[in-house]
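Survey of secondary and tertiary structure
Spelled out, the chains give:
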Amino acid sequence: MALLEVKDIHKKFGDLTVLDGVDLSVDKGDVVSVLGPSGSGKTTLLRCINFLERADKGTMTFEGREYDLHSASRREIAEIRSHTGFVFQNYNLFANKTALENVTLGLTVTGKKTKAEADRIGLDLLEKVGMGNRFSYYPSQLSGGQQQRVGIARALAAGPDILYLDEPTSALDPELIGEVMEVLRLLAKSSVTMVIVTHEMRFAREVSSKVVFMDKGKVVEQADPETFFTAPEKERTKEFLRLVTKR
């Protein structure tokens, strides 16, 4: 049984159709890279799956339980989010809190952990993402790549069953992308289940267990990375790969 299965997701913003019947399946331990041109619906798909946007239609089966993506209750949404982590494009760190405090805030506010327990978890995670020596720094004292690594540690703090990452390197200068990609490679090796919206073709090819290509709100093609990059079936996929490999 898949850890996550979403079916027939639809979403419009006004007259603009952003998602048009999208299906997605993720098994435990999968690293699923979602590719596609700007405006193809990739980010909206992630946001609907984690209820940051309300889908107009669609169902989700998560860990064997089915939810309606349009009408799920607040309790159901909270239940799902307790098993997921989300990494945003622009870090979304609290400027007035240190790296450690950003990571541990969710653990202490909910009362699930004492401060000492939360600090231990937070320090371990910051060490894991290469930020152990920056635990007392504020976001303004960190580079974009360092802030994003703190964001990843924060998303991991509650021990999520699945981690969603929305273009985690898109806001970074080119020289900082590599350090974040290396963290994600380490997480993949640790069998962390991830769904990543990304423009990083090399990462998608080297690390993914499955690549999903979207265009105009639909899934055009999905395959293992070797098949996707060397022998795609759809002409639209071939056109996309020709364009991105020219850059």
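Residues numbered from 1 in each chain as written. Predicted model: local features only at pLDDT ≥ 70, side-chain atom pairs only at ≥ 80, totals over all residues. Heavy atoms only, no water.

1. Regarding the overall build of the chain
What the chain contains, in helices and strands, is 9 helices and 10 strands. Relative to a compact globule of 247 residues, whose C-alpha radius of gyration would be 18 Å, the chain shows 18 Å and is just as compact. For the chain, with 247 residues in total, the buried portion stands at 49%. Intrachain contacts of the chain at a sequence separation of at least 6 include 63% that bridge at least 24 residues. A total accessible area of about 11,900 Å² is found for the chain, and carbon and sulfur atoms account for 48% of it. Within the chain, one finds 34 positive and 35 negative side-chain charges whose respective centroids are separated by 2 Å. (Helix = DSSP H or I, 4+ residues; strand = E, 2+ residues; numbered from the N terminus. Rg over C-alpha atoms; globule rule 2.2 N^0.38 Å. Buried < 20%, exposed > 50% of the residue type's maximum accessible area, 1.4 Å probe, protein only. Contact = heavy atoms within 4.5 Å. Areas by Shrake-Rupley, 256 points an atom, 1.4 Å probe, with all protein chains shown as cover. Lys, Arg positive; Asp, Glu negative; His and termini not counted. Charge placed at Lys NZ, Arg CZ, Asp CG, Glu CD.)

2. Comments concerning the pairing of strand β8 (residues 194-197)
The side-chain alternation of β8 yields two buried faces, one formed by Met194 and Ile196 and the other by Val195 and Val197. Pairing geometry for strand β3 (residues 31-35) and β8, over 4 bridges, is parallel. Bridge pairing in β8 places Val31 opposite Met194. With 4 bridges connecting them, strand β7 (residues 162-166) and β8 associate as parallel partners. Its bridge partner lying in β8, Leu163 is registered against Met194. (Pairing = 2+ DSSP bridges.)

3. So, the environment of Asp23
The residue Asp23 is located in strand β2 (residues 16-26) in this model. Along the chain, Asp23 and Leu45 lie 22 residues apart, while their C-alpha atoms are 9.9 Å from each other. Every residue in contact with Asp23, bar those within four places of it in the chain, is listed here: Val6, Lys7, Asp8, Val219 and Gln222. From its side chain, Asp23 meets the backbone nitrogen of Asp8 in a polar contact 2.7 Å long. (Polar contact = N/O pair within 3.5 Å; in protein donor to acceptor, adjacent residues only side chain to side chain.)

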